[in-house]
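# Inside the fold
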Amino acid sequence: MLTEALLEVIWALRAYRTLRPKLFIRPDQLDDDALRFVELPKLRTGAVRLEWSSTDLYGLFFARIALSPEPEGARAFEQAIGHLGLRSADRQTILTRRWSLASETADQQKTMALLAGRYMGKGTYGYKKGNTYSWPITHLADAQKSGYLPPFAEADAASLRDLFKALERIGVMFRHRDDRLDMPDLFRVAARLLKKGGVAPRGRG
């Protein structure tokens, strides 16, 4: 209902020539078959799909750190990247893409290695666990193979099986042929779950 109401407001604003509203909405919301807004086909025709590259995502990540409302955090980040010969930036510099960490993959890789280490694992064979720069993006891509999460069906009560099915649909969990459950490291590490031979969750500082 909220989505339909929002679409109706956006459509109604077309009557004002001096207003040109832009609506940022997830694809699964726009493609929801439960929507009954009669002008929806016209809105879909004029929609533009935004594509994010790994460089764009990391640029946003570093920008959020540089513009942190916590002065100590922003200052610590500025000092850290200063050791790499890089500078922090203000909002205007970032928005106009004149900051190397917003667009230069090489600088992003060096900064990520400085903040999180070069590899996901420690020790001599740490490189086998993956590169810290590419690992998160790769694992996220492996999890939304169907494009995006389709709308959930409404239910009065949800069981553990329903929860697993929901997690399976978005790639957070899957079942092997021998009926074992598995979870990609990206989500397992964040949930601080152990796995034999896998990347160990890091302790909190």
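Preceding block: the structure.
Below you will find a few notes about this structure. Remember, predicted model here, so these are calculated numbers, not experimental data.

Criteria and thresholds
Residues numbered from 1 in each chain as written. Predicted model: local features only at pLDDT ≥ 70, side-chain atom pairs only at ≥ 80, totals over all residues. Heavy atoms only, no water. Buried < 20%, exposed > 50% of the residue type's maximum accessible area, 1.4 Å probe, protein only. Helix = DSSP H or I, 4+ residues; strand = E, 2+ residues; numbered from the N terminus. Arc of directions from axis to C-beta. Contact = heavy atoms within 4.5 Å. Phe/Tyr/Trp six-rings, centres within 6.5 Å; stacked < 30°, edge-to-face > 60°. Lys NZ or Arg CZ within 6 Å of the ring centre and 35° of its normal.

## A few points about helix α1 (residues 2–12)
Along α1, the residues that are buried comprise Thr3, Glu4, Leu7, Ile10 and Trp11. Angularly, the buried residues of α1 cover 125 degrees about the axis, an arc narrow enough to put them on a single face. Packed against the buried residues of α1 are α2 (27–30) and α3 (40–45).

## What about the packing of aromatic side chains?
In this structure the tally under the stated criterion is five aromatic pairs. With a centroid separation of 4.4 Å and an interplanar angle of 15 degrees, the aromatic rings of Tyr58 and Tyr133 are classed as stacked. Taken together, the residues span a long stretch of sequence, with Tyr58 in helix α4 (residues 54–66) and Tyr133 in the loop between α8 (105–116) and α9 (135–143) at a distance of 75 residues. Both residues of the pair, Tyr58 and Tyr133, belong to the buried class. With a centroid separation of 6.2 Å and 15 degrees between ring planes, the pair formed by Phe62 and Phe77 is classed as stacked. On the criterion of sequence distance, the pair formed by Phe62 in helix α4 and Phe77 in helix α5 (residues 71–82) is long-range, its members being 15 residues apart. Residue Phe62 is classed as buried on the basis of its relative accessible area of 0%. Taking relative accessible area as the criterion, Phe77 reaches 4% and is therefore assigned buried. Here the aromatic residues Tyr58, Phe61, Phe62, Phe77 and Tyr133 are joined through ring pairs into a cluster of three or more. Residue placement shows Arg14 over the ring face of Trp11; its charged tip is 4.1 Å from the ring centre.

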